[in-house]
Amino acid sequence: MTFFGLHFQDIVFYTLATILLIAGLRVITTRNPVYAALYLVLAFFTAAGIWLLLEAEFLAIALVLVYVGAVMVLFLFVVMMLDINLDKLREGFWKALPVALPVGGLMAVEMVMVVGARNFGVDVVAAPPAHPADYSNTAELGRVLYTDYLLSFELASVVLLVAIVAAIALTLRDRRDSKSMDPAKQVLVKKADRIRIVKMEAEVEKVAEKNDAVDTSAQADDKGAK
């Protein structure tokens, strides 16, 4: 099925790509951080649609479930708990623009130079061959991820762990009820500062004398009752 010389799959791709670019621009240009997070959710959904066109169903589902369902909720909670002062963040924005534009342009040129010759060529890439019925892109992805890209996968997990710790530290900063500790002070702690050993004499109670006293009191009670 073609429309204006384009296949239906091409029209879906260009539509999703346009929405993805607009959502990505709105993430960095909107002033409200909550709106920026919501635009990022839209970008994730459209990226998942593009991955479905590439027959990467597992990546598309993982992007929706993990990033949209968990990570973005975490982002929204962190943004709300940080109580960001938007007016203070916007101060000095235009002053840094003359430096930010050349740096951003240089980074864009470097990215094009690195991946442009390999991925932005003029050669038309043929469609991938059809896979057999028992083909599993999840198994293929796991094989490649834990063999060829094992180091990158481990580095990404470390980066995510550092990001979680940083988010918790930023959330609990300058709060009276937070139980934060200074690692520098913890290292300097000595045993004498935390532990006090008290020597006490042991008290030994004679069991026989205690039993005699109990018997005497019992006899006295019996006599009184008579």
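Here, every reference points to the structure presented above.
Residues numbered from 1 in each chain as written. Predicted model: local features only at pLDDT ≥ 70, side-chain atom pairs only at ≥ 80, totals over all residues. Heavy atoms only, no water.

**Some remarks on the overall build of the protein chain**
Moving on, step 1. Along the protein chain, the regular secondary structure elements total 10 helices and 2 strands.
Moving on, step 2. Starting at the N terminus and walking to the C terminus, you meet the elements of the protein chain as β-β-α-α-α-α-α-α-α-α-α-α.
Moving on, step 3. Counted over contacts in the protein chain with a minimum sequence separation of 6, partners at least 24 positions apart contribute 59%.
Moving on, step 4. Just so you have it, the protein chain exposes about 19700 Å², and 67% of that area is on carbon and sulfur atoms. (Helix = DSSP H or I, 4+ residues; strand = E, 2+ residues; numbered from the N terminus. Contact = heavy atoms within 4.5 Å. Areas by Shrake-Rupley, 256 points an atom, 1.4 Å probe, with all protein chains shown as cover.)

**Some details on the packing of aromatic side chains**
Moving on, step 1. With the rule as written, the count across this model stands at 3 aromatic pairs.
Moving on, step 2. When the ring of phenylalanine 13 is compared with that of tyrosine 14, the centres are 5.5 Å apart and the planes differ by 65 degrees; the resulting orientation is edge-to-face.
Moving on, step 3. Here the aromatic rings of tyrosine 146 and phenylalanine 153 are separated by 5.2 Å at their centres, their planes lie at 65 degrees, and the arrangement is edge-to-face.
Moving on, step 4. The class of tyrosine 146 is partly exposed, set by a relative accessible area of 47%. (Phe/Tyr/Trp six-rings, centres within 6.5 Å; stacked < 30°, edge-to-face > 60°. Buried < 20%, exposed > 50% of the residue type's maximum accessible area, 1.4 Å probe, protein only.)

**Thoughts on the side chain of threonine 30**
Moving on, step 1. Its place among the elements puts threonine 30 in the loop between helix H1 (8-29) and helix H2 (33-53).
Moving on, step 2. Here threonine 30 falls in the buried class, since its relative accessible area comes to 16%.
Moving on, step 3. Ignoring anything within four residues of it in the chain, the contact list for threonine 30 reads Tyr35 and Ala36.

**Some points on the pattern of salt bridges**
Moving on, step 1. A full pass over the atoms with the stated rule returns 1 salt bridge.
Moving on, step 2. For the salt bridge of arginine 143 with glutamate 140, the shortest nitrogen-to-oxygen distance reads 2.6 Å. Of this pair, arginine 143 and glutamate 140 are both found in helix H6 (residues 137-145), 3 residues apart, which corresponds to roughly one turn of the helix. (Salt bridge = Lys/Arg side-chain N within 4 Å of Asp/Glu carboxyl O.)

**Notes on the nonpolar core**
Moving on, step 1. Counting 9 residues, the largest nonpolar core is built from Ala37, Val41, Phe44, Ala47, Ala48, Ala60, Leu63, Val68 and Met72.
Moving on, step 2. Looking at this core, the elements with two or more residues in it are H2 and helix H3 (57-82).
Moving on, step 3. Per-element tally for this core: the top contributor is H2, with 5 residues.
Moving on, step 4. Setting aside residues no more than four positions away along its own chain, alanine 60 makes contact with Ala48, Trp51 and Leu52. (Core = buried A, V, L, I, M, F, W, Y, C linked by side-chain atoms within 4.5 Å.)

**With respect to H2**
Moving on, step 1. Over its 21 residues, H2 runs 31 Å from end to end, which matches the ideal 30 Å to within 8%, given 1.5 Å per residue.
Moving on, step 2. Looking only at H2, the buried set comprises Ala36, Ala37, Val41, Ala43, Phe44, Thr46, Ala47, Ala48, Gly49 and Ile50.
Moving on, step 3. In the segment just after H2, glutamate 55 is the residue with positive phi, at about 65 degrees. (Expected span 1.5 Å × (residues − 1).)

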